[in-house]
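Single-letter residue listing:
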Amino acid sequence: VAGKMPAALLQGLAPLAALPALAAALSGRARRPRPRPAALRRAGRGFGAALTPPKRQRRRSLARMQPERLRERLRTDHGSLWPAVERVVLGKAATCPEEMVRARFTALRYKDPLFMARTECGDGFFRKEAARLKMWEETLGLVPKTNAMTTPWENVKDVDELEVVKAEGLKVLYKIHCGAAGYLYEEGIFKEHPQLGYVFSISDLQVSQWEDSSARKPTEASLAGDTLALGGT
């Protein structure tokens, strides 16, 4: 249609066509380029994409497991003792230290750091449950480690079998087998607890050694104060 209009008429309409843009500018509604996100600005300058912090895994809990699945695993790991172990992992008091050893083994298998932290006690660094919880979350691989130090004890996140060597009074001797990685041997000392029955005493632990399945060389640990001292034999 515009091609059929006289040139003079088209020139007269030109100012009208500019009115919407002029009105938008006067009212502050003129379209402006959107600011680029910080990540895109950094990428444009050659710094690559923005770093995304690692996601924290959902904390696991034995109490949230399906009952039948839990019982099946307990029967396999603990034989005829499974009803007593089930009672402890679900929050009831242990009637003897061996029951707590077995319950803690099940917590290791299913990577329940809160159960591990609550069923032990200690001095210094180990006095606070929050500190013990953080330690177990890192040991079980549920959160990134705060330091680069690695120890054989980290293999307990992949447990295979529990062997109770001897249980006498408040002392339990046991091995936690971790497949090809070897096994952890400990002579655990337990203390009576008003709600949980018995808890593992970190500060009273005297013998804790890791034996590599290939070299069969034990690595001894001394939990003196707040320091974990490692040494090969």
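So, here's what we can say about the structure.

About the criteria used
- Residues numbered from 1 in each chain as written.
- Predicted model: local features only at pLDDT ≥ 70, side-chain atom pairs only at ≥ 80, totals over all residues.
- Heavy atoms only, no water.
- Helix = DSSP H or I, 4+ residues; strand = E, 2+ residues; numbered from the N terminus.
- Buried < 20%, exposed > 50% of the residue type's maximum accessible area, 1.4 Å probe, protein only.
- Contact = heavy atoms within 4.5 Å.
- Areas by Shrake-Rupley, 256 points an atom, 1.4 Å probe, with all protein chains shown as cover.
- Expected span 1.5 Å × (residues − 1).
- Arc of directions from axis to C-beta.
- 1 Å grid on protein atoms, 1.4 Å probe; cavity = no way out; pocket = protein on both sides within 12 Å on 5 of 7 lines; lining within 4 Å.
- Points joined across faces, edges and corners; volume = space filled by probe spheres on them.
- Nonpolar A, V, L, I, M, F, W, Y, C, P; charged D, E, K, R; others polar.

1. Section: the overall build of the chain
Inference 1: Along the chain, the regular secondary structure elements total eight helices and eight strands.
Inference 2: In the chain, buried positions account for 34% of the 233 residues.
Inference 3: For the chain, long-range pairs separated by at least 24 residues make up 45% of all intrachain contacts whose partners lie at least 6 apart in sequence.
Inference 4: Carbon together with sulfur atoms contributes 55% to the accessible area of the chain, which is approximately 14,700 Å² in total.

2. Concerning helix 4 (residues 67-78)
Inference 1: Relative to the 16 Å expected for 12 residues at 1.5 Å per residue, helix 4 spans 16 Å between its end C-alpha atoms, a close match to the ideal helical length.
Inference 2: When we look at burial in helix 4, the residues that qualify are Leu70, Leu74, Asp77 and His78. Projection of helix 4 onto a plane perpendicular to its axis shows the buried side chains occupying an angular sector of 70°, all on one side. Facing away from the buried side of helix 4 by more than 90 degrees, the exposed set consists of Glu68, Glu72 and Thr76.
Inference 3: Packed against the buried residues of helix 4 are helix 5 (82-89), helix 6 (97-109) and strand 2 (161-168).
Inference 4: After helix 4 finishes, the residue Gly79 shows a positive phi value of roughly 60°.

3. With respect to the layout of surface pockets
Inference 1: Counted as a void, the second largest pocket has a volume near 260 Å³.
Inference 2: What lines the second largest pocket is a set of 18 residues, and nearest its centre among them are Val89, Asp112, Leu114, Phe115 and Arg118.
Inference 3: Broken down by secondary-structure element, the contributors of at least two residues to the lining of the second largest pocket are helix 5 and helix 7 (113-118).
Inference 4: It is helix 7 that provides the largest number of residues to the lining of the second largest pocket, a total of three residues.
Inference 5: Taken together, the residues that form the lining of the second largest pocket break down as nine nonpolar, three polar and six charged.

4. Observations concerning the environment of Trp82
Inference 1: Tracing the chain through its elements places Trp82 in helix 5.
Inference 2: Sequence separation between Trp82 and Arg102 is 20 residues; the distance between their C-alpha atoms is 9.0 Å.
Inference 3: Ignoring sequence-local partners within four residues, the contact set of Trp82 consists of Arg71, Leu74 and Arg75.

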